[in-house]
Each structure stands twice: as structure tokens, then as C-alpha cells.
Amino acid sequence: MINRDTKVALIVLVGTVALYLSLSSIDPEATTFIRVVIVAIGALSLLLMVQGLLLKHRGEGRGAAQNSASKKTVYGWKPVACIFGAILVYFFVMERLGFYVSAFVYFVGVVSLLDWRGLTPRKGFARIAIAFLFIAVIYLLFSVILQVQTPRGLLI
Amino acid sequence: MAEFLHYFPEALSFANLIALLFGVIGGLILGATPGLSPTMAVALLVPFTFHMDAATGLVLLGAVYTATVAGGAISAILIKIPGAPANIATLLDGYPMAEQGKAQSALYICFISSLVGGLFGMLVMILFTPPLARIAIQFGAPEMFWIAIFGITIMAGLSSGSIAKGLIGGMFGVLISTIGYSPILGIPRFVFHDVLTGGVAIVPALIGLFAIPQVFSLGEKLGVTYARPEYKPERGVFLKTLIENLKMVKALGIGSVVGTIIGVIPGAGGQVAGLIAYDQTRKFDKDPESYGKGKPEGVAVSESANNAMVGPSLIPLLTLGVPGSPTAAVLLGGLLIHGLFPGPDLFLKHPDVTYTFIGSLVLAQFAMCFFGILLSRYSYMVMSVSNLYMVAAVTVLAVYGTYSVQNSFDDVIVMFSLGTLMYIGGKFGFSSAPVVLGIVLGPIAEDNFLKGKMIADVSVGVWKYFFTGTANIIIILLCVGSIGYSIYGEVKMHRKSKKNKKEMP
């Protein structure tokens, strides 16, 4: 049975071969250094593959702690998917509504989305107040004092 | 030293002092907040310094760096969660002290010892950085190429789970840095979309790679709550603790010296400094068994060590342009957006900015101690902040910071894409630091490789040009040594885990 490191090495190796082949359309003079780097990545992925095959049990070696830690945290994929989706929506509306309004909507939205079960009118009001305060501090500090430009939309 | 004293008053200007104040207080709060790494805190701040004077921006970043390292001890002592890896050794005795009702004393020892160690490290930095920069200025293209490679090998070995994955991450970062137009011929490379025409800028990369994976990780841990510590500050403890702390000469001495030595080694970091110094102090103590049970010397040695490494950890960055730690890599981003190229030239072309920055780091040590002691009584409030709000706040700051540097929405897309990829990579054992270093050091490596190759082609040949000469051989040996040391560490860890497995019933 192939362990996870070997699979990762295989994917990296295939990727580097594809990347190396894609360089054929570019002037070789402009890609000398890139070719060296790609060959180095390929060699390292082979090393990782050998390492993965030698350490048959996944979770051995120094990467063990990290691997097992990541395995343990996989349970939280739903909130991660929620955050990912909320950020995409945030980006989509940012250039239409402007930075501050979209940031406020995102702040309240993502907090409510991630903890909708415990939502009460009191909590909802607190979240709106915290989001408002946070955005107001950013606005004062960066837009008014430092005069940093932000994406502007229909609103501010 | 004379130049340092000449430019020191610059650090005391009103704007710089305000930046220092904000940086230290903000850094202490961010450092004490579990779940927010100091590197990410500094990365989020980099774009905002773009709108400041170069010296003031660097003062702010330096102050945040100094304060987050010390601030991380607050959560280590009060809730047994180190705010930064540098504070791991602090919790060994800090938390037992808090359990015994001596949290206030432990926090005071932490900040006083941090000041002692920090000042020692800064002194070494001030004395040794300019002479080293004068040596480094004699380096040519091949030496600078090997130094860039050395930086990647060091970080790859120490911050990733496995050396192979660390190096792949570092090389992947170098590959990302080649996106855009080639530096000599101006031919586009890997420009699959208009967004990538200008290449990947340093700020979106820094923020994306450090902040976005952290946002997703915080999302995974939404259910985690930290117990509110029982901590009631009393009057009259400070003076008593100060006298007790200053009597710990051995612990403070070992911590400061070990922290400084480890700090100079690129990539070693405060975590290693704190643990080695702690171990040495325990070995030299008459009662080694008392460590780990709430011994004040344990807190003093680890905190003096991790703060002593702050100044020296910047020596490779300021003299060679090679960041010695992930936070130094972020600081490098701060220098680059102001058009300052770290390395030997920095002291010659921009002595005002460089020495103001160094001077402010000295002041930051005092400010960190003062505000740390002052704010420690309210520290439990910081630890009650929900991950929910941190997810929202970090995302908003990441987007805002990325956009504000070039007023480009494309940068925001690049930042988010890199961050999402890094989060997925993290699930397979890859870490952000080598990738960031690859992106930062990639252009240095490519420029010097190409320059060297052109010179070599018309003179002695590539092999002789890159692989001979004392400096080249020394740096190559350092690269081999750093990889060898990492492999040794990996094999040792593998044997240990195998042994532990056998011993388990």
C-alpha cells in the first residue's frame, strides 16, 4: 500500500515533468534558471518517494507529528468551506459595494454563518456592534489618518 | 557604535515614538492571543507601513516583532498555550507557577528577563552587524547565489516536518518568484493569466501564505475555548519580583548568551534558543529536579533567551540580505516595499534608516518591559477573544493590506489563491516559511546565477566560477552541513519514535 508521502511525491513529480515540458515554447535563455529549479524539485520528489517507501508506516519520521495533527483537524471542513465561500462572495461584492460596506457585511455574515445555532437578537446586535466598531477603527486609522486608498463601489 | 549613537536621536522623533508605542502595545496583544502567530501579525502590518516614512514603518514592524515574542509568554504562563513557538520553554515553569498562584510574579519575571536578554542581544547586534556587512560587501555573484541557496536550505530543514518537503517548498517558492518577465531578456514566463503579468509581488505572497491558512485553521478550531485563568494582581509584588529576578544572574546570563548565539544562526529561532538555554541552566543548577515544577529561574532563562535572539536574528538579513527566520523574511518584505534592498549596501546607502531601525529596537525592549508589566493585569481579556471574530478580522485586514499596496484587486486574488494552496499543502506536511523564503530569495538566486553564468561563460567556465574560491566553498559546505544536520535530526526523530512505539504496551 502506498503511503501519503509517496502519493505527494508522485503528484509533485508528475507536476514537475509537465512544467518542464511546458517550457519548450519559451526561449531557453529565459528559462535556464527555471530548468535548474524544476530538476531540483524533481530530484527532491524522488527523494521523498524513496523516503516514503522506506518508512512504510505513515506517520513516521519528523513529519509524523504534522501529518497526524492535520489528520486530527480534518473534522472542521464544514466551517472551512463556509469561510471559503464567504470570502469568495466578499470578493465578488467588494468592487460593487466598496471596501467598507462589503467588509462590514462579510464580518457580520461570516460570524453568523459559523455560529448560527446560538444566534439570539442580543448576540446578533453584539456582532453588528463589534463589526461596526472594527470597521470604524480601520476607517479612521487607515483611510483618515494614513489616507490609504481602498476599493470603492456604489457606497464607500 | 559611533554611527549608531549618531543616528540614535532619529529613533526618538515623535512619529517614530508613536509607531513604537503602537507597535509594542499591539504586538503584546497579538502575541498574547492564542492562534495568531507573530509572523502573521507582522505580515499583516507590512502593507500599512507602505504609506509611512521608511524609518517609521520599520520602527513599527520591529516593535511588533519584539513585543510579540515577549507577549507570547502571557498565554504560555496563564493558559499553557505558547503564543509563539519561542515561548514553549516558558510554559514548563511558567504554567506551574500560575497554578501555584504566582502568575503575577511569573509574568513580571518574564518581562524583566526579556528586557535583560533583549538588551544583550541588541548590544551584540550593534557591535557585530557593521563589520560583518563590510566583509559581505566583497561578495560577488557566485557567493550571493550560494548565500540565497543557503538561506533556503536552512529554513527548509528547520521549519518543515521533513527536509525533503521543506526543500520542495523552498524550491516551489523560487519557482513562484520566476513568474512574470525574465530579468535579463524580458520574456514572459508562466503568465497563464493577466493577473500574473507583473509576477507575484512580495506582500500578497507574505499575507496569503501566512494569514489565509491561519484563517482556515481558526475555522477548524471554532469549538475550542480557553479556560479563563484565575488571576488577581496584587500590590507590592513588582519590587519583590524585580529584586528576586536580578539575583538570577546565572539563568539570565546563560539565557542571554545562548539566545544570542542561536539567534545569529539563520533559521534556528527562539524556540531552539529557549529550549537549549533552559536545558543548560537546569544542568548547571544544584537542584535540577525542581525545574518544571514552577521554578522562577526556568521562566527567566527561557524568556531572556528568546528575546536575546531577536536582535542577532536580524544580522543575516541586514548584512547578507538573507532572512534568518520567517519573521525576518516578513521584515525583508517591509524593507523591499520601501525600495530598500537589504544586504551590505544597506549600511552604506541608507545608514539613517538602518540605524534608526536598530535604535528603535533597543527602545522597543524597554517599552515592551514597561507595557508588558502594565498590561499583564488585563491579559486574560485578550485570551477570551473568540476564534469567530479572529476569522473575520484577520480576513478583512489581509484583504485590506494586500489591496492597499498597489491598489490592485489582482493582488487580492493572488493572495487568496496562494493562501488556499498553502492551506491544502499544510494538510500534506508542507509549511509556509520555506515557500516564503523561496519567493524572497528566488530573485536574488536567479539574478546572481544569471550574472555569474554570463561572466563564467566568457572567463573561467561555470564550474570553476561557482565551485571554487574560499568563500564559495565555505558557503557550499554550510549548505551541505545544514541539509546534513536536518537529515540527522530526521533520522534521530525516526529512531526515537520507533523506540517509543516498541516500548508502548
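Given the structure is predicted, the values throughout are model-derived calculations rather than measurements.

Here we come to the overall build of chain B. Counting its regular elements, chain B contains 23 helices and two strands. Computed over the C-alpha atoms, the radius of gyration of chain B is 22 Å, within 12% of the 23 Å expected from 2.2 N^0.38 for a compact globule of 505 residues. In terms of overall dimensions, chain B has C-alpha extents of about 70 × 65 × 45 Å along its principal axes. Each of the 505 residues in chain B was classed as buried or not, and the buried ones make up 62%. Here the contacts in chain B between residues at least 6 apart in sequence split such that 80% fall between residues at least 24 apart.

What follows covers the overall build of chain A. Along its length, chain A carries six helices and zero strands. Ordered by position from the N terminus, the helices and strands of chain A form the series α-α-α-α-α-α. Residues classed as buried in chain A amount to 31% of the 156 residues present. By sequence separation, contacts in chain A at least 24 residues apart represent 69% of the contacts at least 6 residues apart.

Segmentation of chain A into domains returns domain 1 (4–61) and domain 2 (76–145). Using C-alpha coordinates to define each centre, domain 1 of chain A is positioned 40 Å away from domain 2 of chain A.

Across the boundary between the two partners, chain B contributes 49 residues, which contact 52 residues of chain A. When residues of the side of chain B that touches chain A are traced back to their parent elements, those giving at least two are helix H8 (163–177), helix H9 (202–220), helix H19 (387–406), helix H20 (409–427), helix H21 (432–458) and helix H23 (470–503) of chain B. Sorting elements by how many residues they give to the side of chain B that touches chain A places H19(B) first, with ten residues. Residue composition of the side of chain B that touches chain A, by class: 28 nonpolar, 14 polar and seven charged.

Moving on to the confidence of the model for chain B. For chain B, the mean per-residue pLDDT works out to 82, and 93% of the residues sit at or above 70. Mean pLDDT across the elements of chain B ranges from a minimum in helix H18 (residues 379–382) of chain B, with 68, to a maximum in H20(B), with 91.

About the thresholds
- Residues numbered from 1 in each chain as written.
- Chains lettered and ligands numbered in written order.
- Predicted model: local features only at pLDDT ≥ 70, side-chain atom pairs only at ≥ 80, totals over all residues.
- Helix = DSSP H or I, 4+ residues; strand = E, 2+ residues; numbered from the N terminus.
- Rg over C-alpha atoms; globule rule 2.2 N^0.38 Å.
- Buried ≥ 20, exposed ≤ 12 C-beta atoms within 10 Å, placed from the backbone.
- Contact = placed C-beta atoms within 7 Å.
- Domains from an automatic or database assignment.
- Nonpolar A, V, L, I, M, F, W, Y, C, P; charged D, E, K, R; others polar.
- pLDDT = per-residue confidence, 0-100.

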